[in-house]
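So you can see what is in the structure, the chains are spelled out below.
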Amino acid sequence: IRTMIATEIGKINDPVHRFFAFARERHRIYMKRVAEVSAPWTDDPILQEYRFTNVFRELDRTTVWFRENVRDELQNEPEVLPATVIFRWFNRISTGEAIFCQGDLFDTSPFAQYLRDPILRRANKQSPSNQVRKGGNTPLKRAILSAWGDGPYVTGAYTINTRYAGEGLNKLDGVLMLISQWFEAHREWFTQAQVWKQRQPTMEEFCTWVRSNSLGPFMAYEIACDLRYSYILKDAPDWNEWANVGPGALRGLKRIFDSVPDPLAAMRALLSQGRRTIYWPKAFPPLDLRAIEHT
């Protein structure tokens, strides 16, 4: 009995054990909700009271919507790249419905109209398009305003900083300007997407390429994780070797390890531990590096 008690105390005091205990319980909650089990789905008071993302990003509500309504249809087409960039800048289902679900996705949707009209989407930081600056008559803005009026248009899950868009813009015009600037900085996106049909980039290479003044490492990694399930990054060799380590992930790592001189190595070590059944049941989907970073 003393040995059993000592073992349990050791688990409680082991931050690696606590990390995986949290992840296991969070995924069990997801499975119970999917199975339509009545709440409460856990005895853990913290998990009962507060909201946490799923262990697997692909199970989060917004990602599920994007996958089912946009990414699956475009997964083998170059247009999956700009669709993902545009959607993640708003990261809101209602805005996504306005942009992608009015008309045919490939031909008549506001998204398709936007891609066909380079004049409306072009702008740059020094001399922004007057149409975009004044709110413009772009297909994206018309669709969003007609569907959702006063908004909100943009996610509350993370901060969208529109300082690069220019002064005096509201949130919608600011984000539209940032999207326009991204297209200006990536005029070769279609050609590059065609090249990737022959040679896929690594996750790290793609995240370096997709960035711009206003699109930083956090959003670059979010976009890359979406495109992991498209032709562009489906075979990325560093999927379980490289990830963007943002401030949140680094804080989490510091709660587990005494020091974190190499955050990527620390996350790889956790992933390695997660392949042991003592930490992660075989009945669950296998962990990957994104799940470690996400958790």
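Residues numbered from 1 in each chain as written. Predicted model: local features only at pLDDT ≥ 70, side-chain atom pairs only at ≥ 80, totals over all residues. Heavy atoms only, no water.

Trainee: Honestly, a negative patch on the surface in this entry has me stumped. Any pointers?
Mentor: Residues Glu68, Asp72, Glu73, Asp104 and Asp107 make up a contiguous surface patch of negative charge. By the element assignment, aspartate 104 lies in the loop between α6 (93-100) and α7 (110-116). On the accessibility criterion, aspartate 104 (38% relative accessible area) is partly exposed. (Patch = residues over 30% accessible without salt bridge, like charges linked within 9 Å, V, L, I, M, F, W, Y side chains within 5 Å. Areas by Shrake-Rupley, 256 points an atom, 1.4 Å probe, with all protein chains shown as cover. Salt bridge = Lys/Arg side-chain N within 4 Å of Asp/Glu carboxyl O. Lys, Arg positive; Asp, Glu negative; His and termini not counted. Charge placed at Lys NZ, Arg CZ, Asp CG, Glu CD. Helix = DSSP H or I, 4+ residues; strand = E, 2+ residues; numbered from the N terminus. Buried < 20%, exposed > 50% of the residue type's maximum accessible area, 1.4 Å probe, protein only.)

Trainee: Please explain the environment of glycine 96 as it appears in this structure.
Mentor: Within the element layout of this structure, glycine 96 appears in helix α6. Separated by 27 residues in sequence, glycine 96 and asparagine 69 place their C-alpha atoms 9.0 Å apart. If sequence neighbours within four positions are ignored, glycine 96 has contacts with Trp65, Phe87 and Cys101. (Contact = heavy atoms within 4.5 Å.)

Trainee: What exactly am I supposed to notice about the packing of helix α5 (residues 80-90) against helix α11 (residues 171-185) here?
Mentor: The description of two packed helices rests on the angle between their axes and on the distance between the axes. Two elements in contact, α5 and α11, have axes whose closest approach is 10 Å; the angle formed by their N-to-C orientations is 150°. By the angle class used here, α5 and α11 are roughly antiparallel. The interaxial crossing formed by α5 with α11 has right-handed handedness. Counted together, Leu81, Pro82, Val85, Ile86, Trp89 and Phe90 of α5 and Leu172, Val175, Leu176, Leu178, Ile179, Trp182 and Phe183 of α11 form the full contact between these two elements. Residue composition of the contact of α5 with α11, by class: 13 nonpolar, no polar and no charged. (Axes fitted to C-alpha atoms, helices over the stretch in contact; angles between N-to-C directions. Parallel < 35°, antiparallel > 145°, perpendicular 65-115°, else oblique. Left-handed = near helix turned anticlockwise from the far one by under 90°. Nonpolar A, V, L, I, M, F, W, Y, C, P; charged D, E, K, R; others polar.)

Trainee: Would you mind showing me how to read the nonpolar core here?
Mentor: Soluble globular proteins tend to pack their nonpolar side chains together in the buried interior. One finds Leu81, Ile86, Trp89, Phe90, Trp182 and Phe206 to be the most contacted residues of the largest nonpolar core, which totals 76 residues. Per-element accounting of this core gives the leading share, eight residues, to α5. Among residues more than four places away in sequence, those in contact with leucine 81 are Trp182, Trp189, Trp196, Phe206, Trp209, Leu227 and Ile232. (Core = buried A, V, L, I, M, F, W, Y, C linked by side-chain atoms within 4.5 Å.)

Trainee: Teacher, can you tell me more about the packing of aromatic side chains here?
Mentor: How two aromatic rings sit relative to each other is set out by the distance from centre to centre and by the angle between their planes. Applying the stated criterion across every chain yields a total of 16 aromatic pairs. Seen in terms of ring centroids, phenylalanine 19 and phenylalanine 20 are 5.0 Å apart; in terms of plane orientation they differ by 85°. Their pairing is edge-to-face. In this structure, phenylalanine 19 and phenylalanine 20 share a single accessibility class: buried. Aromatic side chains tryptophan 182 and phenylalanine 183 sit 5.3 Å apart centroid to centroid with 85° between the ring planes, which places their arrangement in the edge-to-face category. With respect to burial, tryptophan 182 and phenylalanine 183 carry one shared label: buried. Aromatic ring contacts, followed pair by pair, group Tyr114, Trp182, Phe183, Trp196, Phe206 and Trp209 into a single cluster. Seen from the ring of tyrosine 231, lysine 197 lies directly overhead, with NZ or CZ sitting 4.1 Å from the centre. (Phe/Tyr/Trp six-rings, centres within 6.5 Å; stacked < 30°, edge-to-face > 60°. Lys NZ or Arg CZ within 6 Å of the ring centre and 35° of its normal.)

Trainee: In this structure, what is going on with the side chain of glutamate 293? I would like to understand it.
Mentor: On the secondary structure map, glutamate 293 appears in helix α17 (residues 289-294). According to the relative accessible area criterion, glutamate 293 is buried, its value standing at 16%. Among all residues touching glutamate 293, those that are not within four sequence positions of it are Tyr221, Asn244, Ala249 and Met267.

Trainee: It is not clear to me how the packing of helix α10 (residues 139-148) against α11 should be interpreted in this structure. Could you clarify?
Mentor: For the pair α10 and α11, the least separation of the axes is 11 Å and the interaxial angle reads 150°. Here α10 is positioned roughly antiparallel relative to α11, judged by the angle of their axes. Taken as a pair, α10 and α11 cross one another with a handedness that is right-handed. For the pair formed by α10 and α11, the contact residues are Leu140, Lys141, Ile144 and Leu145 on the first element and Leu172, Asp173 and Leu176 on the second. Broken down by class, the residue content of the contact of α10 with α11 amounts to five nonpolar, no polar and two charged.

Trainee: Explain helix α2 (residues 15-34) to me, please; I cannot follow it from the model alone.
Mentor: An α-helical turn contains 3.6 residues, so a residue and the one three or four places further along point in the same direction. With 20 residues, α2 should reach 28 Å at 1.5 Å per residue; the first-to-last C-alpha distance of 29 Å fits that figure. All of the buried residues along α2 are Val16, His17, Phe19, Phe20, Ala23, Arg24, Glu25, Arg26, His27 and Ile29. In the stretch just after α2, glutamate 36 is the one whose phi turns positive, near 60°. (Expected span 1.5 Å × (residues − 1).)

Trainee: Would you mind going over a nonpolar patch on the surface with me for this structure?
Mentor: A contiguous nonpolar surface patch, about 290 Å² in accessible area, is contributed by Ile46, Tyr50 and Phe52. With respect to the element layout, tyrosine 50 can be found in the loop between α3 (45-49) and α4 (61-74). By relative accessible area, tyrosine 50 is classed as partly exposed at 47%.

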